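Commentary on secondary and tertiary structure
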Amino acid sequence: MSTQDLLSKVGQSHEESEFYTPLPDGYTRGKVRYVIVVGTVMSGLGKGIFSSSLAKLLQDKGLKVAPIKMEGYLNIDSGTLNPYRHGEVFVLDDGMECDMDLGTYERLLDQDLSGANFTTNGQILSTVLKKEREGGFLGRDVQVIPHVVGEIKLKLRELAVRSKADVVFVEIGGTVGDYENSFYLEACRQMAFEEGEESVCFVALTYVLEPGALGEQKSKAAQLGIKRLMEMGIMPDIIACRATNPVTEKIRQKISMYTNVPMRRVISMHDVDSIYRIPESLRQGGIDREVLTLLSLHDRVDQAKEDHARSRWQWYADRIGRQKGKVHIALTGKYAALRDAYASVIKAAEHCSVHLGTHVEFSFIETSDVTAANVAEQLKGCHGIIVPGGFGVRGTEGKIECIRYARENKMPYLGLCLGFQMAVIEFARNVCGLTCANSTEFDVNCQNPVIDILPEQKKIEGLGGNMRLGGKDVEIKPGTLAAELYANAATARLRFRHRYEVDPRYIETLEKHGMVFSGKAPKHPIMQILELPRTMHPFFLGTQAHPELTSRPLRPSPMFMGLIKAAIEFAKK
Ligand code: GLN
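Heads up: these notes are all about the structure in this document. (Residues numbered from 1 in each chain as written. Predicted model: local features only at pLDDT ≥ 70, side-chain atom pairs only at ≥ 80, totals over all residues. Heavy atoms only, no water.)

Quick word on the packing of aromatic side chains
On inspection of all chains with the given rule, the structure shows four aromatic pairs. Consider the rings of Trp-313 and Tyr-316, whose centres lie 6.1 Å apart with planes at 35 degrees: the pair is tilted. Taken together, the residues span about one helical turn, with Trp-313 and Tyr-316 both in helix 12 (residues 303-319) at a distance of three residues. Comparing Trp-313 with Tyr-316, the two get one shared label, buried. By way of ring pairs, the aromatic residues Tyr-276, Trp-313 and Tyr-316 are connected into one cluster. (Phe/Tyr/Trp six-rings, centres within 6.5 Å; stacked < 30°, edge-to-face > 60°. Helix = DSSP H or I, 4+ residues; strand = E, 2+ residues; numbered from the N terminus. Buried < 20%, exposed > 50% of the residue type's maximum accessible area, 1.4 Å probe, protein only.)

With respect to the side chain of Lys-399
Relative to the helices and strands, Lys-399 is located in helix 15 (residues 396-408). Put simply, Lys-399 is tucked away with no salt bridge, and the nearest opposite charge, on Glu-366, sits 7.3 Å away. Non-local contacts of Lys-399, meaning those with residues more than four positions away in its chain, are made with Thr-332, Thr-367, Val-387, Arg-394, Leu-418 and Met-422. (Lys, Arg positive; Asp, Glu negative; His and termini not counted. Salt bridge = Lys/Arg side-chain N within 4 Å of Asp/Glu carboxyl O. Contact = heavy atoms within 4.5 Å.)

Description of the side chain of Lys-153
Take Lys-153: it is sitting in helix 6 (residues 144-163). A distance of 2.6 Å separates the side chain of Lys-153 from the side chain of Gln-190, its partner in a polar contact. (Polar contact = N/O pair within 3.5 Å; in protein donor to acceptor, adjacent residues only side chain to side chain.)

Notes on the site of the ligand
Residues in contact with the ligand, as listed here, are Gly-389, Gly-390, Phe-391, Cys-417, Leu-418, Gln-421, Glu-441, Arg-497, His-498, Arg-499, Tyr-500 and His-546. One nitrogen or oxygen atom from the main chain of Gly-390 is found 2.9 Å from an oxygen atom belonging to the ligand. Contact between the ligand and Leu-418: an oxygen atom at 3.1 Å from a main-chain N or O atom of the residue. Of the residues contributing to the shell around the ligand, the split by class is four nonpolar, five polar and three charged. (Near = heavy atom within 4 Å. Nonpolar A, V, L, I, M, F, W, Y, C, P; charged D, E, K, R; others polar.)

Notes on the pattern of salt bridges
Side chains that differ in sign of charge can pair as their charged atoms come close. With the rule as written, the count across this model stands at 46 salt bridges. Of the charged contacts in the structure, one is a salt bridge between Asp-110 and Arg-552, with a shortest N-O distance of 2.8 Å. Taken together, the residues span a long stretch of sequence, with Asp-110 in the loop between helix 4 (101-109) and strand 5 (118-120) and Arg-552 in the loop between strand 21 (540-543) and helix 20 (558-572) at a distance of 442 residues. Take Arg-552: its relative accessible area is 2%, and that puts it in the buried class. In this structure, Glu-306 and Arg-283 form a salt bridge, with 2.9 Å as the shortest nitrogen-oxygen distance. With Glu-306 in helix 12 and Arg-283 in helix 10 (residues 278-284), this residue pair connects regions lying 23 residues apart in the sequence. Accessibility assignment for this pair places Glu-306 and Arg-283 in one class, buried.

A look at unusual backbone geometry
In most cases, non-glycine residues show a negative phi, while peptide bonds are predominantly trans. Of the consecutive residues Ile-145 and Pro-146, the connecting peptide bond is found in the cis state with omega at 15 degrees. Looking at the secondary structure, you find Pro-146 in helix 6. A positive phi angle, near 70 degrees, is found at Val-41, a position not held by glycine. Structurally, the position occupied by Val-41 is in the loop between strand 1 (33-39) and helix 2 (47-60). Although it is not a glycine, Asn-260 adopts a positive phi angle of roughly 65 degrees. Relative to the assigned elements, Asn-260 resides in the loop between helix 9 (249-259) and strand 9 (266-270). Look at Asn-260 and you get exposed, because its relative accessible area is 64%.

What about the pairing of strand 19 (residues 516-520)?
Here strand 16 (residues 468-476) runs beside strand 19; their pairing, made up of two bridges, is antiparallel. The partner of Glu-475 across the bridge, within strand 19, is Lys-520. Direction of pairing for strand 19 relative to strand 20 (residues 527-531): antiparallel, over a ladder of four bridges. Residue pairing in the sheet places Phe-517 in a bridge with Leu-530 of strand 20. Between the antiparallel neighbours strand 19 and strand 20 lie six residues, among them Lys-523 with a positive phi of about 75 degrees. (Pairing = 2+ DSSP bridges.)

A look at the packing of helix 15 against helix 16 (residues 418-430)
One way to put it is that helix 15 packs onto helix 16 with a least axis distance of 9 Å and a crossing angle of 70 degrees. Between helix 15 and helix 16, the crossing angle belongs to the class labelled roughly perpendicular. Along its contact with helix 15, which presents Thr-396, Glu-397, Lys-399, Ile-400, Ile-403, Arg-404 and Arg-407, the element helix 16 presents Leu-418, Gly-419, Met-422, Ala-423, Ile-425, Glu-426, Phe-427, Arg-429 and Asn-430. Within the contact of helix 15 with helix 16, the residues separate by chemical class into seven nonpolar, three polar and six charged. (Axes fitted to C-alpha atoms, helices over the stretch in contact; angles between N-to-C directions. Parallel < 35°, antiparallel > 145°, perpendicular 65-115°, else oblique.)

Examining helix 7 (residues 182-195)
Each α-helix winds once per 3.6 residues, and so residues spaced three or four apart point in a common direction. Helix length check: helix 7, at 14 residues, gives a terminal C-alpha distance of 20 Å against a target of 20 Å (1.5 Å per residue), a fit within 8%. Along helix 7, the positions that sit buried rather than exposed are Tyr-184, Leu-185, Glu-186, Ala-187, Cys-188, Gln-190, Met-191, Glu-194 and Glu-195. (Expected span 1.5 Å × (residues − 1).)

Structural notes on the sheet that holds strand 20
The mixed open sheet is built from nine strands, whose spatial order is 11-10-12-13-21-20-19-16-17. Unpaired on one side and paired on the other, strand 11 (359-365) and strand 17 (491-498) mark the two borders of the sheet. Put simply, the sheet's adjacent strands are angled 25 degrees from each other on average, direction ignored. As paired strands, strand 20 and strand 21 are joined by three bridges and run antiparallel to one another. When the bridges of strand 21 are listed, Leu-530 appears paired with Gly-542. Contacts from helix 13 (residues 343-356) reach strand 10 (326-332), strand 11, strand 12 (384-387) and strand 13 (413-416), with the element oriented near 155 degrees to strand 11. Running at roughly 120 degrees to strand 10, helix 20 makes contact with strand 10, strand 11, strand 12, strand 13, strand 17, strand 20 and strand 21 of the sheet.

This is the structure we're talking about:
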């Protein structure tokens, strides 16, 4: 049988062919292009940053891009992962709980993603097993090849159809050689064959070592890593060499020689001070044009669009590192030791820092040790405070002390999710006189459960009494600080991930004592933004949402902007 005959079987029913590759409705083979990014030598090289930067370059040219991250773990999503081990859980608009890399894609592409842009081995395998139970394989023995890899290819093509993308960017988690990621590689190898020439481009991200004792770059690990990829039947088209310093010509030559990848496609991707500079440096290296050539996409480029997008982005990139002055923001948190657990909070503040031209420095505060007696000492030198999201009782009393200090000393405050709930508890205890106020998350039998699980509230939204997840519209009360921050918009779309909320029975008491609920769910008494009036405090804001998840370099979160501006004012005093 000829290749053409073989390929014509793709998408046929399983009875007719050994060639199991289901195609989604509306899919035309060879129309969509795929860029597959894999890592060798070690993980943590910034595959997501590379892939999103390259995707951005094509997006700037007017092409429609859709990224997907494929994770090797068996969890269905990232919701159950400990942020201390794995970095923050990033929540998408449709409620998908995923890897923090999806945040990188959303920030660089300024594009909202969904569950279609994220998959895990757990998702793939459970879909295959479900199909098997439903008799979907017509009496066949179900195997990794072709069925599991068939499901992976289907997922990629479904994304292509759904997103109407010109180019799908596939980031395979982990490193080439990991057992758990080998299905993905096999699926992509097959994709390249099935989609045909000029449809799939493989990029290998590798690492060039520079051992201090030798004082020179060594390419062996990179060569071996790429060799591993070639053993799996995949020839890379582009090799991006991560390194501390620019990769020398000699090393690039060596890598080129061992891999048959021409020099112009073996690029140095050395450390830079900000990831937002990477798109421009890749562009200057000409890698965007190489991809257009490899995928035969030159005719889809819109030059005017590219010039415009490039100058807007350059405006931002040029301001990085040129900030003057500095504000110190206290960030309380259980995972104080691990910055990745608060990646989006830190990024959101960075966006504001660039827009406002002031450096923002975080001081992490482990609140288990904070008491009324030492809180002033702990927050000394800080110009604002953020209590971010979190779960569990540890450190909550210390957080309440920090919030009390911020409220009483007019220090700018921003509470995110748990930080919103803590602000309600603090206010109930110290202003409304409900001395036993708490959340039932921390004390099930507390006398004044101002924060509680309210299954009936979630039922109205069809959430079945569990976590409220994903993007929701928040109705903003006119004339408030929130309204000012959101330029008097009637609603703001924010993302949520919480189980507990303000018990509506306490709203009247809280409001009577001065707390303003300036954002709530449209039509339901679910409180989503709180603030203190300007007469009481210059900037005291809390939200049940996670505004950090939707902050983008060119569209920073208004709430973070408000906090940092207020911190700048506070620092002047
Ligand atoms: N633990 C709180 C809740 O479940 C807050 C959650 C969060 O901060 N993401 O409601």
